[in-house]
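Survey of secondary and tertiary structure
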Amino acid sequence: MDILRSYAHIVRYRQIVRVATRYGFSFLADMLGQARGIPRWRRKSDLARPGLYRMPRWERLRKALEELGPTFIKIGQILSTRPDVVPPELASELEKLQDQAPPFPLPEVESAIVDELGGSPKEVFAAFEPEPVAAASLGQVHNAVLKSGEEVVVKIQRPGIEKVVRTDLEILREIAAVAARRTMLGKVYDLVNTVDELASVLLQELDYTAEARNADRLAGDLRADPRVVIPRVYWEYTTRRVLTMERIRGTKLTETDKVDLLGINRSAVAWILANTILEQILVHGFFHADLHPGNVVITPQGQVGLLDFGMVGHVTDELKVEFGNFLLGVTARSAPRVAAVLLRLGVASSEINMRALTRDIDLVLQRYYGVPLEQISMADLTREVFDVAFKHHIRIRADFSLVIKALATVEGTVRRVEPAFNLAEAAEPFARRLMRERMRPGHLAQRMTEVAGEYLGFLSTLPKQFDKLLDLAVEGQLKGKLEIDNMDRHLWRIGALVNRLVLGIVLASIIVGTALVVSTGPPVLLWRVPLAEVGFVTALVFGIWLLVSVIRSGRF
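Cut-offs used in this document
- Residues numbered from 1 in each chain as written.
- Predicted model: local features only at pLDDT ≥ 70, side-chain atom pairs only at ≥ 80, totals over all residues.
- Heavy atoms only, no water.
- Helix = DSSP H or I, 4+ residues; strand = E, 2+ residues; numbered from the N terminus.
- Buried < 20%, exposed > 50% of the residue type's maximum accessible area, 1.4 Å probe, protein only.
- Contact = heavy atoms within 4.5 Å.
- Areas by Shrake-Rupley, 256 points an atom, 1.4 Å probe, with all protein chains shown as cover.
- Pairing = 2+ DSSP bridges.
- Core = buried A, V, L, I, M, F, W, Y, C linked by side-chain atoms within 4.5 Å.
- Axes fitted to C-alpha atoms, helices over the stretch in contact; angles between N-to-C directions.
- Parallel < 35°, antiparallel > 145°, perpendicular 65-115°, else oblique.
- Left-handed = near helix turned anticlockwise from the far one by under 90°.
- Nonpolar A, V, L, I, M, F, W, Y, C, P; charged D, E, K, R; others polar.
- Expected span 1.5 Å × (residues − 1).

**Some points on the overall build of the protein**
Looking only at helices and strands, one finds 22 helices and 15 strands in the protein. Across the 556 residues of the protein, 43% fall into the buried class. Expressed as a percentage of contacts within the protein between residues at least 6 apart in sequence, the contacts between residues at least 24 apart total 66%. On the protein, roughly 30000 Å² of surface is accessible, and the fraction owed to carbon and sulfur atoms is 58%.

**What about the pairing of strand S6 (residues 242-246)?**
Burial analysis of S6 places four of its five residues in the buried class, the great majority of the element. Bridge count between strand S4 (residues 151-157) and S6: five bridges; the pairing is antiparallel. If you follow Val154 over to S6, its bridge partner there is Thr244.

**What about the nonpolar core?**
With 106 residues, the main nonpolar core has Leu273, Ile281, Phe287, Phe323, Ile361 and Phe400 as its most contacted residues. Counting residues in hydrophobic clusters, the runner-up holds 15 residues, among them Phe125, Phe128, Ala144 and Val154.

**Considerations on the packing of helix H3 (residues 57-68) against helix H4 (residues 70-79)**
Between H3 and H4, the least distance of the axes is 5 Å, while the angle of their chain directions is 140 degrees. With respect to H4, the element H3 is oriented oblique. Side by side, H3 and H4 meet where Leu65, Glu66 and Leu68 of the first sit next to Pro70, Phe72, Ile73 and Gly76 of the second.

**Observations regarding the environment of Asn214**
The topology assignment puts Asn214 in helix H11 (residues 208-221). Residue class for Asn214 comes out buried when judged on its relative accessible area of 7%. Sequence separation between Asn214 and Gly310 is 96 residues, and the spatial gap between their C-alpha atoms is 7.7 Å. For Asn214, the residues in contact, after removing those within four places along its chain, are Gln204, Phe286, Phe309, Gly310 and Val312.

**So, the sheet that holds strand S10 (residues 304-306)**
The four strands are arranged S5-S10-S9-S7 in an open sheet whose pairing can be described as mixed. The open sheet terminates on both sides in strands that have one partner only, identified here as strand S5 (228-229) and strand S7 (251-252). Pairing of strand S9 (residues 296-298) with S10 involves three bridges; the strand directions are antiparallel. Paired with Ile298 across the strands is Val304, a residue of S10. Each of S5, S9 and S10 is contacted by helix H13 (residues 266-284), which is oriented at about 45 degrees to S10, the strand it contacts most.

**Brief notes about the packing of helix H14 (residues 317-331) against helix H15 (residues 335-344)**
When two helices pack together, their arrangement is given by the angle between their axes and by how far apart the axes lie. Two elements in contact, H14 and H15, have axes whose closest approach is 8 Å; the angle formed by their N-to-C orientations is 155 degrees. Between H14 and H15, the interaxial angle falls into the category roughly antiparallel. Viewed along their axes, H14 and H15 form a crossing whose handedness is left-handed. Here Glu322, Asn325, Phe326, Leu328, Gly329 and Val330 of H14 lie close against H15, whose contacting residues are Arg337, Val338, Val341 and Arg344. Per-class residue counts for the contact of H14 with H15 are five nonpolar, two polar and three charged.

**Some words on the environment of Leu262**
As for its position among the elements, Leu262 is in the loop between helix H12 (256-261) and H13. In this structure Leu262 comes out as partly exposed when scored by relative accessible area, which is 38%. Taking the C-alpha atoms as reference, Leu262 lies 6.7 Å from Pro300; in sequence the two are 38 residues apart.

**A short note on H3**
Residues spaced three or four apart along an α-helix point in a common direction, a consequence of the helix completing one turn every 3.6 residues. The first and last C-alpha atoms of H3 sit 17 Å apart over twelve residues, in line with the 16 Å expected at 1.5 Å per residue. Within H3 the residues assigned to the buried category are Arg60, Arg62, Ala64, Leu65 and Leu68. Of the residues trailing H3, Gly69 is marked for its positive phi of about 105 degrees.

What follows is the structure in structure tokens.
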């Protein structure tokens, strides 16, 4: 569908532009060619709303996203995990986005359950609480009891939200395409691809069966650890728009006073939470990416219960190794090692000055020299390293950014219950264990087998490729292309050198010729001009000019 020809899209376009203008981002209207129809007085950034100019720029942007609704709130939350894509200050501000919305009425809840589960709440459940326990932009949650007696929570998607989200994503992609054509930022950071990545994550959150599969997979991965509880999924009561899971009764980490009243050891809880996220990332390669305090509960038995599995991450074997290298590089304060990881896991928009990159990372790590490992904040340190990546226009892979963000979130969560806890100290043994496993003979043999297979495949195609190359050469179609960076600049320098050489030859000729004239007899006059004196003066002036130009060039 053409975004500019669809009436619904045009209406939404205007809403976006008006909100952006109201919060002081009127350049968006100009960039998109949507400024017509917006009064000039409303397009003045600082006068768009009384007192708005007193707010910092990124705070205004956050409030604009909240006003624009679910899609933009979710996109902002996802972008908060990408400090390599957005400025670090903006990433920090986006973490404050509040995903709250008024609950939708009970008749709409009942209609959704009838459509998805084939019956009304009274027919499907033994009990169903009409008041939601939580309401967000994409859906809301109700407590219920199955007819078999199990206590459950039922998440119901907000009616019509998928259509709204898809329309907004189409508009965002169009905005990104325009920005890529008209702004340097859009070209440097490949905004279209970034929007596509964000859209993929957001659309997955709209499919509750995907969240259910995430919960099941984590439950299988962590089944050997009795200290961690993952709620059971009731698949017979789960669809794309309705999710039914076991209700875990417990105390949220934000309620520290209640945790103390239960007599639970805070330090033990911190270690359980830290170890489970590190095990998920470095052992299983699949992890919960949003373990903020609201998604963690402590059961009366001291177990850690994990909730809300809409945002998860996947870690390949390659990424495990690189993440281990990153952790070891950080803990060893090795700037070259950290820089190498960033380049291997990132996409540089231009040629990278490796010396400057290493120097900037070293400046970050120097602030931690002499600081005991247990006092280093993993979140703060990695945020500073990602600031350097942003400065050098290195766009880090989304999966690696999500790993770092998940660890930073867990560190913040853990410190709610145990302020002295340090995630870097807990992570180092995992990183070293990963490196040891990579060096095991069995693993090395497996890797060599994989590499040998890749080379065999390459060698099997080499004769055919070489045969094609020879055919092109015989037919005279084999062409080479030589490109030299800054060719014009190099040609200018060569031209300047040739000009100096010619001038030097001319000067030498003048001097020699003048000397011959003087040596042959009396001074020669032409129209009363002494040629010998004029020749020597001319040679002297041009000689001094040539000497000065050579000295100023620094090439002598």
